[in-house]
Amino acid sequence: MICPYFPEPTFFIFAEGVPELLYYSHIPAIVVALLVGLFVFLNARHLLLSRLLLVIALSFSLWCSINLTLWTNVNSDSLLFSWSFLRILSSLISIFSIYFIYVFLYEKDVSPKLKGVFLALMLPMILLAPTDWNVAGFDLTNCDAFLFEGFWYKYYYVSLGAIAMIWILGLLVHRYRTTTADFRKQIVYMGLGIELFLFLFFTLVFLASYLIDIGLFKDSRIELYGLFGMPIFMAFIAALIVRFKTFNVGMLAAQALVIALVILIASMFTFADNIYNVVLIGVTLVLTGAIGLVLIRSVKKEVKQRELIEKQARELEIANAQQENLLHFMSHEVKGYLTKSEAGFAAIVEGDYGDVSQDLKGMAQMALTEVRKGVSTIMDILDASNMKKGTVAYKKENFDFGKTVEESVNDLQESAAARGLSLQFHPAAEVLTINGDKDKIARHVIRNVIDNSIKYTEHGSVTITLSKQGDLAQMLVEDTGIGITPEDMKHLFTEGGHGKDSIKINVHSTGYGLFIAKQIVDAHGGKIWAESEGAGKGTRFIVQFPLS
Amino acid sequence: MKFREYFFEYSLVALILLVVVVGYARFMVARDYVVAYEAECDAATSSCFIGCEDDECLSTYYYALIEKPAADVYAQCGKYIADCESINHCLPTNDTNCVKFYCDPDIDGELCEIITAENFGVVETIPEAPSIEHTDATTTPREDILHL
C-alpha cells in the first residue's frame, strides 16, 4: 500500500520533502564503512579481526541503506519488511563490536562458551523480528511504524547497545592495565573510535525515537547525527593502520588523507542544490583526485627508496659483521702459525738446539725479527677488530703518565738514531697521574704515536712535550716530517687509513695503529688529534687524558 | 570447515535467513499486519479528532481513526487508497477485524484538542457523545497517541 501523503521516490532513494542532512549522513557513512572494511579484509583475509571488522561494516552499511529507504519509500509492505530486519542489524553491530574488541585486545578467538552467550543475546532479536513483538502494523498517515513498535523489543535492542558499550569499556580498561606501553596507545585509539561510534549510533538513534514517542520532539532528524559515528570510527581505524600497521596492513598517511578528502568532497554532492554547484563540486573532485594520485605516487616512491636504503644498510651491516668475523678468524689462525714459528727461531737463536753456525744464527735472528713483526701486525688487526666489536677489556689503574712516556721515549731512542733523527723529550713541571690501562696506553698510544712520527720523518727531529692543560694531561709530539694533507687528515684515525704519500715512506704500515690509538684514547675519555700545515711541513700529534 | 568450529557462524546465518524468509512471507506475501489511517469524519454527526494541516495549525480537518488488516485494504482498494471510499469505513460484510475510533472526551479527552504551536498540550473537549464502530466485539479503544 502506498502512503497517500508522501511522494514516491525516484531511483528508489531520492524523494522530496526529506531532511537535507539525510543523504549527507547516510551515503558517506556507507561509503567509508565499506571502503575501510573491504580494504582491510582484502589485504588481510586470513585475520579473524579483519573479518569481524567487515561484518560490522557490512551490518552498518546495510542498516544505513535500509534506514535510507525507510525515510524515502512509501510502500507499506516493503517498509514493514525492512523495518523488521533493521533491529537484527543493530544487534549484530552491538554483539560483533564486543567480539571484535575482544579479538583485537587478546589476539585470539573467543571461547565457544562466549560465542554461546553472544548467540543467546541475539536470539530474541532474531526470532521475534517478524512477529508482533517487533512491529504489528503500519501508520499510513505518517508512513512509519512507530505507532506499532513493540515496547520490550525496542528497549531490548537499545539495551544490547548499552551492554556492548559497557562490556567493551571493561575489556579495554582491563587490557590497558596489563599490557605494554606500545599497545596501550593502540588500545586508546581503538577504544575511543568504537565507543564513540556505539554511543552516537545507539544513543541518538534511540533518543530520536524516544523523544518522538513521549511527544517532546516532532522531528526524528536527530537520529541522522548518530550515523557520523561510523566515519569517526573508521578514521581511528585508518590512524591505527598508518601508525601501527594494525591488521598487518600497510597504508601511507598520504593515501589515507587523499581518500578522506575525496570522500569529503564527493559527499558534497548530497546537498548540491543546483547545476552550478554540481559542476563546481565535480571539477574540484576531479582535480583533487588527480593531484592526490600524483602525491601518493611520489610519496610511495620515496618510501620505497627509503625502505631500499634501510634494507641495503641492514645487508651491509651483516656483510661487515661477517667480514669482521672472517678477518678475526683468519688473523687468529695465522697468528697461531707465526707464534709457533717464532718459538722455533727463538730456540735456534738462543742455542736451545746447541751451537749453530753464525750464518744460520744470523738468518734465524732475521727470521725471528720478521716473524715478530708479523705477529705484531696480526695483533694490531685483531685488536682493531676487537675494539670495533667492543670486546676489549681495560685494566684500569692510577699511574704516572709522564714516567710512562719517558720510558717509551728511551726505548725509541735507538730507532730514531738509526734514521739520523733527534728525539727530544720535555717532561712536565709536575707529576701527571691518570687512570687507565697502562700497558695498552703505553704500547698502542704513546709508542705508536712517537713511532709514527719517527717513521714519517726523513730528517730533522721529533720532540715530545708533556704538560698540564687544566685538568688534562697532554702529550704533544711534534716532528719535521712529511706532514699531512687535508685529504689524508680525514682518514688519519680510520681503520686502514693511509695517506697517498705515507705508504711510499712506510710500506709496512697496516693503517691500524692510529685507529687503535684513537679507540683507546676515546675509551679513557681522552682526545687525540693531529695538526699539520700540509705536505712537507711536519705534523703535531696531541694526546690528552683526564687527570686522575 | 568443521561444523562444531563454526557453529556460531552457521547458526547465526541460518537463523537470519529463516527470519528473512518468514518476514518476507508475512509482510510482502500474506500482508499480515494492521494499517492505521485517518478516515473521513463528519463533525456535525460524529465526535471527530481534530488534525492540523500545517505546523502552525492555521488550517484544521476532522478525522476518525481506522485500523484494518492490510490484506482487507488491499482487497478493497488496491495499492492506492487515496480515492478509495471503503478505507473510510468498517464494512460489515467484508471487514473481519476492523476498528474505527471516534474522539471520546471522557476516554480520549486529551486527543480531542486543537494542537497549535502556542497551546501545545492544552485540552479543549468536544461536546458530542463518543461512538466506536467496529466489526469485532472484542476490540477496545486505543490508548496510544497519534502524533500530528
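Our structure's up above, just so we're on the same page.
Our subject in this report is the structure included herewith.

Rules used throughout
- Residues numbered from 1 in each chain as written.
- Chains lettered and ligands numbered in written order.
- Predicted model: local features only at pLDDT ≥ 70, side-chain atom pairs only at ≥ 80, totals over all residues.
- Heavy atoms only, no water.
- Pairing = 2+ DSSP bridges.
- Helix = DSSP H or I, 4+ residues; strand = E, 2+ residues; numbered from the N terminus.
- Axes fitted to C-alpha atoms, helices over the stretch in contact; angles between N-to-C directions.
- Disulfide = S-S within 2.5 Å.
- Buried < 20%, exposed > 50% of the residue type's maximum accessible area, 1.4 Å probe, protein only.
- Core = buried A, V, L, I, M, F, W, Y, C linked by side-chain atoms within 4.5 Å.
- Contact = heavy atoms within 4.5 Å.
- Phe/Tyr/Trp six-rings, centres within 6.5 Å; stacked < 30°, edge-to-face > 60°.

### Things to note about the sheet that holds strand β8 (residues 539–546) of chain A
All names here are of chain A. An order of β3-β5-β6-β8-β7 is seen for the five strands of this open sheet, with the pairing classed as mixed. Strand pairing shows two members of the sheet lacking a second neighbour, β3 (422–426) and β7 (527–531), which therefore form its edges. On average, each strand axis in the sheet is inclined to that of its neighbour by 15 degrees, with strand direction left out of account. Bridge analysis of β3 against strand β5 (residues 461–469) gives five bridges, and the strand direction is parallel.

### Considering the state of the cysteines
One pass over the full model with this rule turns up three disulfides over all chains. Disulfide pairing places C3(A) opposite C143(A) at an S-S distance of 2.0 Å. Across the disulfide from C3(A) to C143(A), rotation about the S-S bond amounts to roughly 85 degrees, and the bridge is consequently right-handed. Linking C3(A) in the segment before α1 (21–43) with C143(A) in the loop between β1 (137–139) and α5 (151–178), this pair joins segments that are 140 residues apart in sequence. What makes C3(A) buried here is its relative accessible area of 2%. In this model, C41(B) is linked to C48(B) through a disulfide, with the two sulfur atoms separated by 1.9 Å.

### What about the nonpolar core?
Residue and element names in this part refer to chain A. F60, F100, F138, F233, I237 and F247 are the most contacted members of the largest nonpolar core, which has 107 residues in total. In terms of residue count, helix α3 (residues 76–106) provides more of this core than any other element does, 20 residues in total. Residues within four places of F100 in sequence aside, it is in contact with L49, L52, L53, I56, M190, I194, F233, I237 and F247. The next biggest cluster of nonpolar side chains, apart from the first, holds 41 residues, and it includes L423, I464, I484 and F515.

### Some details on the environment of G351(A)
Within the secondary structure layout, G351(A) lies in the loop between α10 (275–349) and α11 (358–389). Distance in space between the C-alpha atoms of G351(A) and K361(A) is 8.9 Å, their sequence separation being ten residues.

### Re the packing of aromatic side chains
Residues and elements named next belong to chain A. Within this structure, the stated rule accounts for 30 aromatic pairs over all chains. When the ring of Y99 is compared with that of F118, the centres are 5.8 Å apart and the planes differ by 40 degrees; the resulting orientation is tilted. Of this pair, Y99 sits in helix α3 while F118 sits in helix α4 (residues 112–127), and the two are 19 residues apart along the sequence. Comparing Y99 with F118 shows no difference in burial state: the two are buried. Ring geometry for Y189 and F244: centres 5.7 Å apart, planes at 75 degrees, overall edge-to-face. You can see Y189 sitting in helix α6 (residues 181–213) and its partner F244 sitting in helix α8 (residues 229–244), a full 55 residues away along the chain. Of the residues examined, Y189 reaches a relative accessible area of 23% and is grouped as partly exposed. With relative accessibility at 18%, the residue F244 sits in the buried group. Three or more aromatic residues joined by ring pairs make a cluster, and in this case those are F60, W63, F100, Y157, F197, F201, F202, F233 and F247.

In short, the description is geometric, and any link to function would need to be established separately.
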